[in-house]
Amino acid sequence: MSSYIPVIGLEIHAQLLTQTKIFCSCEVDFGGEQNTRCCPVCAGFPGTLPVLNQEVVKCAIKAGLALGCEINRYSKIDRKNYFYPDLPKAYQISQFDSPVCLSGKVKIEGDKGEKEIRIHHAHIEEDAGKLIHDDIENTSLADYNRCGVPLLEIVSEPDMSSAEEARAYIEKVSGLLQYAGVSLCRMEEGSLRADVNISLKHADAKELGTKVEIKNLNSMKSIVRAIDYEIERQTKLLTTGEPIVQETRKFNDNRGVTVSMRSKEDAHDYRYFKEPDIIPVIITEEDIEKLSKEMPVLIDERMQLYTKEYGLNKADAQIVVNEKGISDFYNDVVMIYPNYKAVANFIVVEILRYVNEGEIQSNHLPFSAEAFATLVKMSEEDIVNKNNAKAILKLMIESQKGPMEIAKEQGYLMNDNTDEIKEVVSSVVSEFTEEVTGYLAGKEKLFGFLMGQCSKRLAGRANPKTIKEILEGELTKLR
Amino acid sequence: MELCDRNIAELRTLLDSKELSSVELTRYYLNRIEKIDAQIDSYITVCADEAIQAAKKADERIAKGQAKALTGIPISIKDNMCIEGIRTTCGSKMLESFIPPYSATVIHKLLNEQAVILGKTSMDEFAMGGSTQTSYYKKTKNPHDLTRVPGGSSGGSAAAVAARLSAISLGSDTGGSIRQPAAFCGITGMKPTYGSVSRFGLIAFGSSLDQIGPMAHSAKECATILNTIGGYDCNDGTSSRQEIDFESLLGKDIKGMIVALPKEFFEEGIDKEVRESVLAAAKKYEEMGVCIEEVSMPSLKYAIAAYYLLSSAEASSNLSRYDGIKFGYCMPHAKTYKERIERTRREGFGDEVKRRILLGTYALSSGYYDAYYKKALYIREKIKEEYNKIFERCDVMLTPTAPTVAFKRGAIENDPVKMYLADICTVTVNIAGLPGISTTCGYDKDNMPIGMSIIGKAFDDAKVIQVADAFEKDFIRKAPSL
C-alpha cells in the first residue's frame, strides 16, 4: 500500500451569503415549502432573463482575497448545457474559462505537517434544484427552491495526499470563507459541498494515475470515509494489475462504499459558450481595494493573536480559530474573563463536543458570552468542581438558565463550611486506620485515596484545596 | 379617408379631440379582423374583450387630457412576446397551452400608455424562418398577393399592418425577421440598436441577436413607437443605459450626408428589379443632396454561415428548457424522464426548429466548437470591424432588404439552404448589433413591394429613421386590394 501515493484534488461548492439569488430577486433561505422560493426567472420560464446580482460578484472577490487568489479583471459568464430535471433551463449559468478568481493558495496543517494547497481557480455559478424520489408512487418530484442560489466553486490543484489533508483543507477554506463573511459553510444545510478527485501515483512514477471523481458527499465524515475507501479500492486494483477506469463515482453513505455513476465515455459534453444574456464582469483596481478594506480580520491574524498574545498552544488555537462563530465567541468571552487558556480549553473540550454532535450550532450558541465566562470563572475559582461545571454547561444548553442559577438549583456550589469538612475528615481518618498508618510510614500515594474518600462523602461539593489543607493538618497531628 | 388609412398622429388628433373614441376605433379594427383575417391568417389569438376593456380605460385617460403618444391606439403583438394571462405560443405546438404569469417589458410600457392590444400575430415557429409558413397555427398570406408569403418570421405582424388589421405592430428581429416581412408586405419595420429595447418577456431565439422593434406604415410611426417601448430596463442585463430620442432628427435636412452603398449587396443573387429599385432610391437621395459612396464589406460572403451557426447555437441552448416538465406541451404517457423529454420535444417542435437545434448543438459540441462556433465568433468580429470602418466616414448604409420580392407560398420554404441564403441582406445588422430600418422603395412588375434598408452605427437609430423618413415623404405606397 505504501508504494502508492494518493493524489487528491477538491472542488468545493460554497453558497455565497447574499440576500437574494444570483439572477433574480427571490430571497435565499434554507428550507421552505417546496417550490415557494422560486419565480419565473429562476424556474427558467420562456422570455425571462437573468440579471447578475452584483453582491455575488463582491462576495466572490472577497472570497478570492481570503483564499489568496488573483482577481480576474475581466471575467465572463458562460452556459453549461445538460439535461436534467432539476435544472429548469437545461443549462447552468456558470463560468468556464474566465472565472472571477484565478490561482491562489492556502496553508493547512494536515497529518503530515504544514502544507500549502494551491487553488486553481474559483468561479461563480447558480445552484440547481432538488429531486425527490418517491419509490412507493414510483415518481420523481422537482423542487426548484435552490435554483439560482449563488455558489462559488473553488477548484484546488491535486495537492493533497490523504483524507486528513482533505479534511484540513476543507476546514481551512470553510474558515477563511466564514471569516471573509461570504459564506456560512454549513455542510448539514448544503451551503458547503465538496466533490473529490482522486488518483494513485506509484512512488517512483512521474505521471499521475487515472483519476476518479467522487460525488454525493454530504458531510465531512463521508468525505473522509470515501477517500479512505477509494484509496483502498484503487490500491487493490493496482496491486492486482487491474486497470482503474476514469469515471465518476457516487458515495453510498449507508454502505460506506463508492459505486460507479458514469464512465468517461458517458461524460457530458457541456457545450460551454458565453452566456449572451449577461455582459462580462469588469472588476477595477478600485473595486478590489474597496472590498479588501471591508474584509474583516482573517484567520491567520487571529491565529497569531491566540498563539503569540494569548499563549494558547497551536493545536487549541487552530481548533478555536477554524470556525468563525466559535472564534468570535471566544473573543467575546475573554473580553469578560481574560483567562485565555482556561476559556480555550473549555471551548475545545466541551462546547465543540456538542457542536460536533450537532446539538448546537457554532454560530448560534444557545447561551451568551457573559454566561459562559461566568461558568468558566466558577470552575476556575472552584466555586463548582470541574465535573459539575460540565454538567452545568449541559443544563445551560437544555434549559437556557444561567450557570449560577443552575449551580444553586442542583446543589453544585462548593461547600466552604470547614466544620462539616473537618467532621468528614476526622471520620475518614478514624475509619481508614490502615491507610493512615501506611501513609505515615511513607506510602505517599495513599494521601490520594484518603482525599478521594473525603470528596466522596462531601459529594463533590467541597473545595478540594480546603479538604487537602484540613486532611494534611489532621495527618500531621498523628505523626 | 378610411379610418385604417390614418397614421397614428392623425388618430391621436381624432382621439384627443373626441371626434373618435378608442372604443370605436378598437371595434372598427376588430370588425376588420373578423371580416378580412380569414384570407390573411395574420392573428393566432384575437383579444377582443381585453381590447375593448383597454380602449375604455384609454378613453377615460384621454378624457382627463392625459393621453400619451399611443393611448387608445390599436396595436398587434407578435406571438413571442409574453402578455400576462394571454396565451403566448411562439408559433409552436410546444407552447400551445402556455399562459405566461408575467408580461414583457415592452407590453408593460404599452399598457402604461393605455395602448390597445388587439391580439397576437402569427410567426414562424420560435421565430425561425422567413415565410411564416412554419407556424403551427396560421400560415399567413401576403396581403398584396394571397398566393405569396408575407415574409417572416414577423409575417403575421407585417401582414396585419399591411392589411390594416391593426394600426401598428411589434415584431422581433434576429436575422431580419422585422425588416424582411416589412419589405415583402410594403410597410416600414425597424430593428433598433441591440440593447435599446428590453428583451425581457421576449421568448428567446438567439439572445445576442434578438431585438424587438416596431412595424408600421412609416419611419415616423416607428420612431413614435420606439420612444414608448425603448429605454433601459433593469430586468434585462444587456439593456443599454444610453438614452435615444428616436424622433429627435425627424424632418431635419439630410443634405451633406454620406450614404454608403456596399457593392457586395448588389452583386449576383440580388434580383434585377430589386437592385434597380434600390439604386433608383440612391439616385433620389443624391437629388436630396446626399453623397453616395461605394464601399465594400468583404466578409459578407461568410455572414450567412456565421449567422446560422451563432443563432442556432444560442437557440439550441435557449430551447433546451422545453422539456415538458414545467410548462407547455408535455407528452402525457411517458414512463421515464428520458422518454418524456424525447417524445415531448419530438412531438412539440416542428422540422425547422429541430434542424436548427441539431445544427446549433453540433456547432457547440467538443471537437467541432473550434471549427464552427469559434470561427463564427471570429467572423462576427470581422463584420463589426468592417462596419466600424464604413461608419468612420459614412453616415448610413443603403442596401436591399431582401434579394427578391415576396415569393410564392410553397416555392422555397421547404428548401432550407435557399431560405437561409435569402437572409443575406439582413443578418449582418444583427451580427453587429446595429439599427436597421426597411422601407418600401418601389414595386416590381407584379406590383409586389420592394424594400430597401438603411443601416446606421450603434445608437444612431434617430439618424436611420431620419434618412428613411426623408425618402418616405415623397413616396406613394400602394395599399393592397382586399
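Residues numbered from 1 in each chain as written. Chains lettered and ligands numbered in written order. Predicted model: local features only at pLDDT ≥ 70, side-chain atom pairs only at ≥ 80, totals over all residues.

## Looking at the overall build of chain B
Tallying secondary structure elements over chain B gives 15 helices and 11 strands in all. For 482 residues, the compact-globule formula gives about 23 Å, and the C-alpha radius of gyration of chain B, at 21 Å, lands near that figure. The dimensions of chain B, computed from C-alpha atoms along their principal axes, are 65 × 55 × 45 Å. The buried share of chain B, reckoned over its 482 residues, is 61%. (Helix = DSSP H or I, 4+ residues; strand = E, 2+ residues; numbered from the N terminus. Rg over C-alpha atoms; globule rule 2.2 N^0.38 Å. Buried ≥ 20, exposed ≤ 12 C-beta atoms within 10 Å, placed from the backbone.)

## Concerning the overall build of chain A
Looking only at helices and strands, chain A has 15 helices and 15 strands in total. Its C-alpha atoms give chain A a radius of gyration of 29 Å, clearly above 23 Å, the size a compact globule of 479 residues would have. Projected onto the principal axes, the alpha-carbon positions of chain A cover approximately 95 × 55 × 55 Å. Per-residue burial over chain A gives 41% buried out of 479 residues. Excluding contacts between residues fewer than 6 apart, the proportion of contacts in chain A whose partners are at least 24 apart in sequence is 70%. (Contact = placed C-beta atoms within 7 Å.)

## Focus on the packing of helix α13 (residues 433–440) of chain A against helix α14 (residues 446–457) of chain A
Residue and element names in this part refer to chain A. Here α13 crosses α14 at 145°, and the two axes come no closer than 9 Å. For the element pair α13 and α14, the recorded crossing hand is left-handed. Here α13 contributes Glu435, Gly438 and Tyr439 to the contact with α14, which in turn contributes Leu446, Phe447, Phe449 and Leu450. Considered class by class, the residues forming the contact of α13 with α14 number five nonpolar, one polar and one charged. (Axes fitted to C-alpha atoms, helices over the stretch in contact; angles between N-to-C directions. Left-handed = near helix turned anticlockwise from the far one by under 90°. Nonpolar A, V, L, I, M, F, W, Y, C, P; charged D, E, K, R; others polar.)

## Structural notes on the domain arrangement of chain A
All names here are of chain A. In terms of domains, chain A is made up of domain 1 (4–285), domain 2 (297–410) and domain 3 (418–478). Here the C-alpha centre of domain 2 lies 33 Å away from the C-alpha centre of domain 1. Considered class by class, the residues forming the side of domain 1 that touches domain 2 number three nonpolar, two polar and three charged. (Domains from an automatic or database assignment.)

## Points about the interface of chain A and chain B
If you look at the interface, chain A gives 26 residues, while chain B gives 35 residues. A class-by-class count of the residues in the side of chain A that touches chain B yields 18 nonpolar, three polar and five charged.

## Some remarks on the sheet that holds strand β5 (residues 104–110) of chain A
All names here are of chain A. The strand order β5-β6-β9-β1-β10-β11-β12-β13 describes an open sheet built from eight strands, whose pairing is mixed. This sheet does not close on itself; its edge strands, each paired only once, are β5 and β13 (257–263). Averaged over all pairs of adjacent strands, the angle between strand axes in this sheet comes to 30°, irrespective of strand direction. In terms of strand pairing, strand β10 (residues 192–202) meets strand β11 (residues 212–215) through three bridges, oriented antiparallel. Directly across from Asn197, in β11, lies its bridge partner Glu213. Packed on one face of the sheet, helix α3 (residues 220–239) meets β1 (4–15), β10, β11, β12 (247–252) and β13 and runs near 25° to β10. (Pairing = 2+ DSSP bridges.)

## As for the pairing of strand β4 (residues 168–173) of chain B
All names here are of chain B. The element β4 is extensively covered by neighbouring structure, given that six of its six residues are classed as buried. In terms of strand pairing, strand β2 (residues 74–78) meets β4 through three bridges, oriented parallel. Within β4, the position partnered with Ser76 by the bridge is Ser169. In the sheet, β4 pairs with strand β6 (residues 211–216) via five bridges, with the strands oriented antiparallel.

## Quick look at helix α5 (residues 155–162) of chain B
Residue and element names in this part refer to chain B. Burial of α5 is extensive: eight of the eight residues sit out of reach of the surface. For α5, the set of buried residues is Gly155, Gly156, Ser157, Ala158, Ala159, Ala160, Val161 and Ala162. A positive phi of about 60° marks Arg164, the residue just after α5.

## Considering the nonpolar core
Core analysis: the biggest nonpolar cluster contains 276 residues, and Ala60(A), Ala63(A), Leu67(A), Val196(A), Ile75(B) and Ile117(B) have the highest contact counts within it. Those residues in contact with Val196(A) that sit more than four places away from it in its chain are Ile8(A), Leu10(A), Ala166(A), Ile214(A), Leu217(A), Ile223(A), Ala226(A) and Ile227(A). (Core = buried A, V, L, I, M, F, W, Y, C linked by C-beta atoms within 7 Å.)

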